[in-house]
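The primary structure of each chain is shown beneath.
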Amino acid sequence: MDIFRVLSRGASLKKSKDYRADFTVPEKKSGEKSKQEIKKDEILNLQLDKELDFFNSKQHKIIRDIEQAKENGDKSDDEESEEHFKREVKITTKEQAIELRKQFGSKVTGHDIPLPIGSFEDLISRFKLSKVLLENLIKNGFSEPTPIQSESIPSSLFKRDIIACAPTGSGKTLAFLIPMIQNIIDSRNNNEDEVQLRGLIVTPTKELAQQINGQINKLIENLNIKSGYLNKSLASKFRNDNNKIKNSKFDIIVTTPLRLIDLIQNTKSLDLSKVENLIFDEADTLFQTDFLSQTDEILSHLTNPKLLKNIYSATITSHVEELANNIMKDPIRIIIGLKEAANANIEQKIIYCGDEHGKLVAIRNIIKNGEFKPPVIIFLQSIERSKALYNELLYDGLNIDVINAEKTQKQREDIIKNFKNGNLWCLITTDILARGIDFKGINLVINYDVPNSSQSYVHRIGRTGRAGKNGKAITFYTKEDTDVIKNVINVMRASDQLDGMPEWMRDETSLSKLSKDRKRELKKQQVKRKRISTVPRHISKHQHAINPKNGGSGKKKKA
Ligand SMILES: Nc1ncnc2c1ncn2[C@@H]1O[C@H](COP(=O)(O)OP(=O)(O)OP(=O)(O)O)[C@@H](O)[C@H]1O
């Protein structure tokens, strides 16, 4: 059973210690329902929707829909859907735009900025948005735009380059997908329906690329648009350049940088010269020194003069903005909320644990005191440490697994599937899952090791508190973390989360600030930590030695 889906559809929450029993689905009544009963259910669902109005932006629409559902009890589906398309444009004046931006905390700068949209229906009248696309949005539960969508979509449809920074879990993916798909529909209409690779989305991890492609597939239903995630198998089809791939061209490709570069350098089967819309998702990673040459290489193959460039992330430093400005034409800059703050729905807490042993004690305390409410994600700084913590907690009855870059793609996919459908309660991982991954309903993120930058902290804890839901993040620190923990405290301060914290933390002046050089140093190398284990070293060494996998006899020596 997909507990997250059940939760998001308004299942009731029981107070129970057993997490599996926390989710109950309303029972189905036997027999046919009368029309009146169905209508009553609709109204109830809409009222439930209102309570679960995560983005605070659905408010008036839902209220209006409740009223309409009450009044138009017997209208046909066709009539109702036609009415949906005829709704008046909500934002038509500069004053309304200023008001909306104030309400959303949006800062939008640049030349000739278009008005934001107040509803997805605004796009029908202003941009002739495809009705099928709007239907697909509504079918998937996206009824009102989030603040970033409200600004990005019209700017992109006006064919502008965009630098966008909005909190984790605030809907950036749809913010770039909706205009990309609409632009493809428009281009295809103007070019006698010729299929060409027009949209390219570059992300730092495979998991994220796959997730975005899944999202695209939901939006392009019945649109005759084709999207592909450039995994190993698709890349090898391109490499073989057989007719199969030629005959099934793609409108959109989602990829990681290296996979794409490998393909364009070694084959001529993927032509990037017609790409009109480029997205760098988690752009600040792609503009970091490690990725920069790859990003440059990709840009050099995108030769279409009409190319639109968009960069999106929850954290964009001024350095990244500077780099982006160099490759963009007159971009519109959209910032939602505060740049370095975490999502406001996340309660943040730090715990001093003294040393490594203290961290194990702290995590077991969290389990004992009921704070450990699954689904939970635990982040550590390295593969070794993630495996060590997994071995340590394996027998604590937590239903856990570990996911890191050592696992095969298939293993990674299976673990994620199990976590999403509720078979796993807790995922132990590294920064590989820190960005972009959208697990619905994560209750708690634990930073077992302090992340090495404020950006990494914001993204890691952003796996909870998504789509308007609340979440909690706990960060452990020890005496080794005196410097890196300052990054975390600064984000907590920017997010107004220092209430109840010791005086020295709340007082900005008592925390000597980290210099830029020191921050850079910390990002490059991880804090040196002692190994994780409650088992004394001489015993674990002995266990390792007798393990048959390591050539041992498998037998314990007699005392
Ligand atoms: N307009 C909308 N109405 C309701 N839910 C939405 C809307 N837009 C997006 N969502 C949902 O919000 C969740 C978070 O969206 P998304 O993954 O795009 O966040 P993000 O801003 O890209 O986060 P991150 O910075 O972590 O990558 C998703 O589950 C998505 O389906």
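In this report, the structure presented in the accompanying data block is examined. (Residues numbered from 1 in each chain as written. Predicted model: local features only at pLDDT ≥ 70, side-chain atom pairs only at ≥ 80, totals over all residues.)

## So, the packing of helix α9 (residues 172-190) against helix α10 (residues 206-219)
Rule in force here: Each axis is a line fitted through C-alpha atoms, and for a helix only the stretch in contact is used; angles between axes span 0 to 180 degrees, taken between their N-to-C directions. For helices the rule is a DSSP run of H or I covering at least 4 residues; for strands it is a run of E covering at least 2, with both sets numbered from the N terminus onward. Orientation labels follow simple angle bins: below 35 degrees gives roughly parallel, above 145 gives roughly antiparallel, 65 to 115 gives roughly perpendicular, and whatever is left gives oblique. With the far helix as reference, a near helix turned anticlockwise by less than a right angle produces a left-handed crossing, and one turned clockwise produces a right-handed crossing. A pair of residues counts as a contact when their C-beta atoms, built from backbone coordinates, are within 7 Å of each other. Basically, the charged four are Asp, Glu, Lys and Arg, the nonpolar ten are Ala, Val, Leu, Ile, Met, Phe, Trp, Tyr, Cys and Pro, and anything else, Gly included, counts as polar.
α10 packs onto α9 with a crossing angle of 50° between their chain directions and a minimal axis gap of 11 Å. When the axes of α9 and α10 are compared, the pair comes out oblique. Between α9 and α10 lies a crossing whose hand is right-handed. Each of T173, L177 and I181 in α9 lies in contact with α10, whose residues at this interface are I212, Q215, I216 and L219. Its residues assigned to classes, the contact of α9 with α10 shows five nonpolar, two polar and no charged.

## A few points about unusual backbone geometry
Put simply, the rule reads: Any residue with 12 or fewer other C-beta atoms within 10 Å of its own C-beta is exposed, any with 20 or more is buried, and the rest are partly exposed; the C-beta atoms used are placed from the backbone.
At the junction of P374 and P375, the peptide bond is cis and its omega measures out at 0° in the coordinates. Among the structural elements, P375 can be located in the loop between α17 (356-368) and β12 (376-379). The backbone of K159 shows a phi angle near 60°, a positive value even though the residue is not glycine. Looking at the element boundaries, K159 is found in the loop between α8 (147-157) and β4 (162-165). At D496, a residue that is not glycine, the phi angle is positive and equals roughly 60°. Mapped onto the elements of the fold, D496 is located in the loop between α21 (484-494) and α22 (503-506). Classification of D496 as exposed rests on a count of 11 C-beta atoms within 10 Å.

## Topic: α17
Our working definition: To estimate the expected span of a helix, subtract one from its residue number and multiply by 1.5 Å. In this context, the arc is that of the directions from the helix axis out to the C-beta atoms.
Between its first and last C-alpha atoms α17 spans 19 Å; for 13 residues at 1.5 Å apiece the expected length is 18 Å, and the two agree. When we look at burial in α17, the residues that qualify are E356, K359 and I363. The buried residues of α17 all sit within an arc of 40° when viewed along its axis, so they share a single face. Positioned one or two residues after α17, G370 has a phi angle of 85°, which is positive.

Any functional reading would require information beyond the geometric quantities listed.
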